[in-house]
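Take a look at the letters that make up each chain.
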Amino acid sequence: MSTKSALRPRYLKVHAVIVFAFLFAPIVGLIVFSFNKARSGTHWTGFTTHWYGDLLHDEPALHAFRNTLKVAVSATILATIIGTLAAFALTRFTFRGRAAYSTLIFVSLVMPEIVMAISLTAFYHRVAHVNLSIWTVIAAHVMFCIAFVVVVVKARLAQFDNRLVEAAADLGATPVQAFTRIVLPLAAPGIFAGAMLAFVISLDDFLITSFTSGPGSTTLPLYIFGQLRFGVSPSINALSTIVLATGLLVLAIAGLYSVRAGRRGSGAIDATALG
Amino acid sequence: MTGSRAQTDAATKKPARSRRLPDWLAGNLLLLPTSVWFLVLLVIPTLLIVAYSLGHRGVIQPIRFTWGSLVWSNYKTALNPDFLPIFTRSIVYALVSTIACVLLGFPLAYWIARFSGRLRNLYLVLVIIPFLTSYLIRTYGWLVILQRNGVLNSLLGHVGLGNQHLFLNTHFAVILGLTYGFLPFMILPLYASIERMDKSLVEASYDLGHGKTSTFFRVILPSALPGLIAGVLLVFIPAVGDYVTPALLGGVKTQMIGTTIYDQFGSGNNWPLGSAMSMLLMLLILAGVFVYLSRVGEDAL
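Keep in mind it's a predicted model, so treat the numbers as computed, not measured.

## Topic: the overall build of chain A
Argument step 1. Check the secondary structure of chain A and you find 13 helices and zero strands.
Argument step 2. Listing the helices and strands of chain A from first to last along the sequence gives α-α-α-α-α-α-α-α-α-α-α-α-α.
Argument step 3. A principal-axis box enclosing the C-alpha atoms of chain A has dimensions of 70 × 70 × 30 Å.
Argument step 4. Per-residue burial over chain A gives 45% buried out of 275 residues.
Argument step 5. Restricting the contact set of chain A to residue pairs at least 6 apart, pairs at least 24 apart contribute 77%.

Now the structure itself:
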């Protein structure tokens, strides 16, 4: 019993409270001050939803919001399809060149965002000679989302029993049937988690978007960053809160889905797979 | 006997085989879209940056890029006394932030994994929420707190410590921002490996007369090592090349590699120099990963 008390030091709990306060201080601060009447500073002068109302008539902000959703949805769909096929190939088949693909995926995960951003802009300008637009942004987002989808889906596929596919084949299923009837349903939670991860990563991206977007394809992170030149303001707080809420909504949907999937016994979104 | 057996096996399997593509073909077909995407938007652009880093700055830069003779001058410039301190500073910031993340993250991960009881999933979600919310916006949140008329100054003013402190554009602000930004990347892998640890080992260590310190270094730390290694890499790599935090919370005195490269492709208008810096950053990261993993053991990943 004495060992138990030694294992349960109270300071660990205090430490946990402090770290959680640290993790949430700026997020809570932002949300709180998005409802503050004062135009600047952090003196609380009363509750208002005025800044949110203003945003409904802020055409550049709305345009940026629509762009952000367009980019995130398109990039998520494409990256999820491409990444799932890749994860399937890498877990199911043995062939030469597999190591090369794994290396590429690793490189795309550790490459600093700034390096990706400048290399993409150099490529678009000097090699592809395309005008920067929402399409160049989507193509870039798909590229950096693929690796995240592959990692998450691969983790899920590695868990399941390959004999199920072999059994299906023995029972006369074509490879396509085996894939759609066995592999896809079993991999679904992983694919879903990968898609959610791709979505939030695309939604938040600032650096690569800023180097690959042209006039008219500004996204919300770019718009917010641009507005910061004029200092902290309650309308940026409100806009940021909306972005946070969008991300949280997606997380909540993912969470509910994984809880339901977990109850059905087919596993949950694994925090370790995300990390 | 065995020969005829093999023949019948081959005969019965034949119909199934003929419908199946060989592995190499199926694998490469499924990977075709990935290959195309990575080749066009990752490999070729990276090679382009390598070429730029060895090229001349054009007369009307950077529009006229001349292939000319390969030169190392960009690398020399990137490491001259104007820019070398920026590299050193980035490494120091990233190291200090990584250490801060370990000190903040280890006890928390340990507490969640071992003592948080029935609310464990809730605490995990509380770590995952910042992990998945916009880094830009979370960093902007610190601007609200740290600015001259921000939350921190008004709190300090209330307790009579003065309300005109300058927090922004300091080493403190940037290191705080980096630590904050990447802390969840440390907590989650640490949690995953501590959670897998066999708890009875700790009890056994105490029963065998080992003290707290000895138990920590001999039992707990080795079990948490894979998570710690992953966490260190996941914090250090993005921190050393970060742009958002030094751009929002820092200033001229706290420039990092990321902001400097950004400037070379923007106002500085020197793509070859920016490319050389990018290559040095990549080398730094790869060398860091390599040295670190060879020191602490590759099998731990």
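## Overview of the overall build of chain B
Argument step 1. Helix and strand counts for chain B stand at 14 helices and zero strands.
Argument step 2. Counting helices and strands in the order they occur from the N terminus, chain B gives α-α-α-α-α-α-α-α-α-α-α-α-α-α.
Argument step 3. Long-range pairs, those at least 24 residues apart, make up 69% of the contacts in chain B between residues at least 6 apart in sequence.

## Section: the confidence of the model for chain B
Residues and elements named next belong to chain B.
Argument step 1. Residues of chain B with pLDDT of at least 70 account for 87%, and the chain-wide mean is 84.
Argument step 2. Long-range and interchain partners of residues 1–18, a stretch whose pLDDT sits below 50, account for one contact in this model, where long-range means more than four residues apart.
Argument step 3. Below a pLDDT of 50 lies the segment residues 59–64, which in the model reaches eight contacts outside its immediate sequence neighbourhood of four places, other chains included.
Argument step 4. For this predicted complex, the interface score ipTM comes out at 0.85, alongside a pTM of 0.86.

## What to know about the environment of Ala87(A)
Residue and element names in this part refer to chain A.
Argument step 1. Inspection of the secondary structure puts Ala87 in helix H4 (residues 59–92).
Argument step 2. Residues Ala87 and Lys154, 67 residues apart in the sequence, show an inter-C-alpha distance of 5.1 Å.
Argument step 3. Apart from the residues lying within four places of it in its own chain, the contact partners of Ala87 are Val150, Val153, Lys154 and Leu157.

## A look at helix H11 (residues 220–227) of chain A
Argument step 1. With respect to burial, H11(A) is a largely interior element, six of its eight residues being buried.
Argument step 2. Among the residues of H11(A), those classed as buried are Leu220(A), Pro221(A), Leu222(A), Tyr223(A), Ile224(A) and Phe225(A).

## Re the interface of chain A and chain B
Many descriptions give the size of an interface as the accessible area lost when the pieces come together.
Argument step 1. Contacts between the two partners involve 72 residues from chain A, matched on the other side by 77 residues from chain B.
Argument step 2. A total of 14 residues in the side of chain A that touches chain B trace back to one element, the largest contributor, which is helix H2 (residues 10–33) of chain A.
Argument step 3. A class-by-class count of the residues in the side of chain A that touches chain B yields 52 nonpolar, 14 polar and six charged.

## A closer look at the environment of Ile220(B)
Residue and element names in this part refer to chain B.
Argument step 1. Following the sequence through the fold, Ile220 ends up in helix H11 (residues 212–240).
Argument step 2. Here Ile220 falls in the partly exposed class, since 19 other C-beta atoms lie within 10 Å of it.
Argument step 3. Once the C-alpha coordinates of Ile220 and Asp198 are considered, the two residues, 22 residues apart in sequence, prove to be 9.5 Å apart.

## Some points on the nonpolar core
Argument step 1. Core analysis: the biggest nonpolar cluster contains 160 residues, and Ala86(A), Val142(A), Met143(A), Cys145(A), Ile146(A), Ala198(A) and Ala109(B) have the highest contact counts within it.
Argument step 2. If we ignore the near neighbours within four places in the chain, the residues touching Ile146(A) are Ala79(A), Ile82(A), Gly83(A), Ala86(A), Thr34(B) and Trp37(B).

## Details of unusual backbone geometry
Argument step 1. Of note in this structure, His129(A) is not a glycine but carries a positive phi near 50°.
Argument step 2. Residue His129(A) is classed as exposed on the basis of its 7 C-beta neighbours within 10 Å.
Argument step 3. At Asn169(B), a residue that is not glycine, the phi angle is positive and equals roughly 60°.
Argument step 4. When you line up the elements, Asn169(B) lands in the loop between helix H8 (151–158) and helix H9 (171–196).

## Side note on the packing of helix H7 (residues 134–159) of chain A against helix H3 (residues 32–53) of chain B
Argument step 1. Relative orientation of the contacting elements H7(A) and H3(B) amounts to 115°, with a least axis distance of 10 Å. The crossing of H7(A) and H3(B) is left-handed. The segment H7(A) lies against H3(B), with Ala139(A), Ala140(A), Val142(A), Met143(A) and Ile146(A) engaging Thr34(B), Trp37(B), Phe38(B), Leu41(B) and Leu42(B).
Argument step 2. Classifying every residue of the contact of H7(A) with H3(B) by side-chain character gives nine nonpolar, one polar and no charged.

## Considerations on the packing of H4(A) against helix H9 (residues 175–204) of chain A
Residues and elements named next belong to chain A.
Argument step 1. Two numbers describe how H4 lies on H9: the axes approach to 8 Å, and their chain directions differ by 140°. Judged by the inter-axis angle, H4 sits oblique to H9. H4 and H9 meet at a crossing whose hand is right-handed. On H9, the residues that touch Thr68, Val71, Ala72, Ala75, Thr76, Ala79, Thr80, Gly83, Thr84 and Phe88 of H4 are Val183, Ile191, Gly194, Ala195, Ala198, Phe199, Ser202 and Leu203.
Argument step 2. The residue makeup of the contact of H4 with H9, split by class, is 11 nonpolar, seven polar and no charged.

## As for the confidence of the model for chain A
Predicted coordinates in areas of low pLDDT are best not read in detail.
Residue and element names in this part refer to chain A.
Argument step 1. Averaged over chain A, the pLDDT score is 84; the fraction of residues at 70 or greater is 91%.
Argument step 2. Per-element mean pLDDT across chain A ranges from 38 in helix H13 (residues 271–274) up to 95 in helix H10 (residues 207–212).
Argument step 3. Predicted confidence is poor over residues 1–7, with pLDDT under 50, and the contacts of this stretch with residues over four places away or in other chains come to five contacts.
Argument step 4. The low-confidence segment residues 265–275, where pLDDT is below 50, has 27 contacts with residues more than four positions distant or belonging to other chains.

## Some remarks on the environment of Leu30(B)
Argument step 1. Position of Leu30(B) among the secondary structure elements: in helix H2 (residues 23–30).
Argument step 2. Once you skip the residues sitting within four places of it in the chain, Leu30(B) turns out to touch Leu85(A), Ala86(A), Phe88(A) and Ala89(A).

Reading guide: rules and limits
- Residues numbered from 1 in each chain as written.
- Chains lettered and ligands numbered in written order.
- Predicted model: local features only at pLDDT ≥ 70, side-chain atom pairs only at ≥ 80, totals over all residues.
- Helix = DSSP H or I, 4+ residues; strand = E, 2+ residues; numbered from the N terminus.
- Buried ≥ 20, exposed ≤ 12 C-beta atoms within 10 Å, placed from the backbone.
- Contact = placed C-beta atoms within 7 Å.
- pLDDT = per-residue confidence, 0-100.
- Nonpolar A, V, L, I, M, F, W, Y, C, P; charged D, E, K, R; others polar.
- Core = buried A, V, L, I, M, F, W, Y, C linked by C-beta atoms within 7 Å.
- Axes fitted to C-alpha atoms, helices over the stretch in contact; angles between N-to-C directions.
- Left-handed = near helix turned anticlockwise from the far one by under 90°.
- Parallel < 35°, antiparallel > 145°, perpendicular 65-115°, else oblique.

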